[in-house]
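Geometric and topological summary
So the chains spell out like this:
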Amino acid sequence: MPTRHAQSVTRNHATRRRLLKLRTAILSDALGKTGAMDHELHCFSANCRMAGPATTLRIHTADILMVGKALSVCPPGHVLVIDGQGELNTALWGGITTASARLKGLAGVVIDGAIRDLAEIRRNRLPVFARAVVPNAGGAEYAGEVDIPIQCGGVVVNPGDWVIGDEDGVVVVPAGKLTSVLETAAQLVEVEKKIERAVRRGKDLVSLL
């Protein structure tokens, strides 16, 4: 008989497959046009499509001491979300951490801060979202906090919330709203398909909207 952990992993895989079929724009619409992180958070890697439950980290400003620890405890299939407090002049993430996260099977990384080693990250298919690129490395002196509510890109992220990314940006779906958001998003997809078909038949978009 499957264990609770095995059942949870299976559910997460099924949820991830459903979310990866949806665009962040549709998910934001399903959330009432909310849930999107700041437009300044960009995908810097070779692949921007990600979906997974959040493992959260809040660090001391410009300090990377806890990044390695968070990476070690972040389960495969999760998105590591780092509250770097928007610091743009110190890199919190780089090529080695990207390679390590990919090998561990993380679904992606979102950093409210800066990264470095851009050439390596661009070649990697692990989705890496951040605000900026800078050569300076952070210090390693101060403790941070893992798996607590944080703010990233102007959005509150709780451990276990679903984090979805694509070429348009990042959207956070609160865990308690996941079922209803998936249902609403599926309905919106069908509405969009009907509108697109009508437009292709020559219907006026203004009248359709």
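Summarised in this report is the structure supplied together with it. Positions within a chain are numbered from 1, following the residues in the order the chain's sequence is written. Residues qualify for local features only when their pLDDT is at least 70, as the model is predicted, and side-chain atom pairs are given and counted only at 80 or more; totals for whole chains, interfaces and linings, by contrast, use all residues. To obtain the side-chain values, all non-hydrogen atoms of the structure were included, while hydrogens and water were left out.

1. Some details on the packing of helix 3 (residues 65–73) against helix 4 (residues 95–104)
Each pair of packed helices can be summarised by the angle the axes make with each other and by the distance between the axes. For clarity, the threshold we go by: Simply put, an axis is a line fit to the C-alpha atoms, just over the touching stretch for a helix, and the angle between two N-to-C directions goes from 0 to 180 degrees. A helix here means a DSSP run of H or I that spans at least four residues, while a strand means a run of E at least two residues long, and both kinds are numbered starting from the N terminus. In what follows, roughly perpendicular refers to angles from 65 to 115 degrees, roughly parallel to angles under 35, roughly antiparallel to angles over 145, and oblique to any angle outside these ranges. Crossing handedness: left-handed means the near helix sits turned counterclockwise from the far one by under a right angle, and right-handed means the same turn made clockwise. Only heavy atoms matter for contacts: two residues are in contact if any of them lie within 4.5 Å across the pair.
For the pair helix 3 and helix 4, the least separation of the axes is 10 Å and the interaxial angle reads 15°. Taken together, helix 3 and helix 4 sit at an angle that is classed as roughly parallel. Regarding helix 3 and helix 4, the two cross each other, and that crossing is right-handed. Between helix 3 and helix 4, the residues in contact are Leu71, Ser72 and Val73 and Thr97, Ser100, Ala101 and Lys104, respectively.

2. Focus: the layout of surface pockets
Stated precisely, the cut-off is as follows: Only protein atoms enter the 1 Å grid, on which a cavity is a set of points fitting a 1.4 Å probe that cannot get out and a pocket is an open set with protein on both sides within 12 Å along at least 5 of 7 lines, lining residues being those with an atom within 4 Å of a point. Grid points are joined across faces, edges and corners, and a volume is the space filled by probe spheres set on the points. All residues other than Ala, Val, Leu, Ile, Met, Phe, Trp, Tyr, Cys, Pro, Asp, Glu, Lys and Arg, Gly among them, are scored as polar; the first ten of these are nonpolar and the last four charged.
Considering only enclosed or pocket space, the largest pocket measures out at about 220 Å³ in volume. Lining the largest pocket we find 14 residues, and of these Ile64, Leu92, Trp93, Gly94 and Thr97 sit closest to its centre. Counting residues per element, the ones that place at least two in the lining of the largest pocket are helix 3, strand 3 (79–93) and helix 4. Counted by class, the lining of the largest pocket contains 7 nonpolar, 5 polar and 2 charged residues.

3. Comments concerning the nonpolar core
To keep it simple, the criterion reads: Only buried residues count toward a nonpolar core. Its members are Ala, Val, Leu, Ile, Met, Phe, Trp, Tyr and Cys residues joined through side-chain atoms within 4.5 Å. Each residue is placed in one exposure class: buried if its accessible area under a 1.4 Å probe, protein chains only, is under 20% of its type's maximum, exposed if it is over 50%, and partly exposed if it falls in between.
Counting 22 residues, the largest nonpolar core has Trp93, Ile111 and Ile115 as the members making the most contacts within it. When contributions to this core are tallied by element, the ones reaching two or more residues are helix 3, strand 3, strand 4 (108–115), helix 5 (118–123) and strand 5 (128–130). When sequence neighbours within four positions are dropped, the list of residues in contact with Ile115 reads Phe44, Ala91, Trp93, Ile121, Val128, Ala130, Ala132, Val133 and Val134. Within the second largest apolar cluster, 18 residues are counted, among which are Val81, Ile150, Cys152 and Val172.

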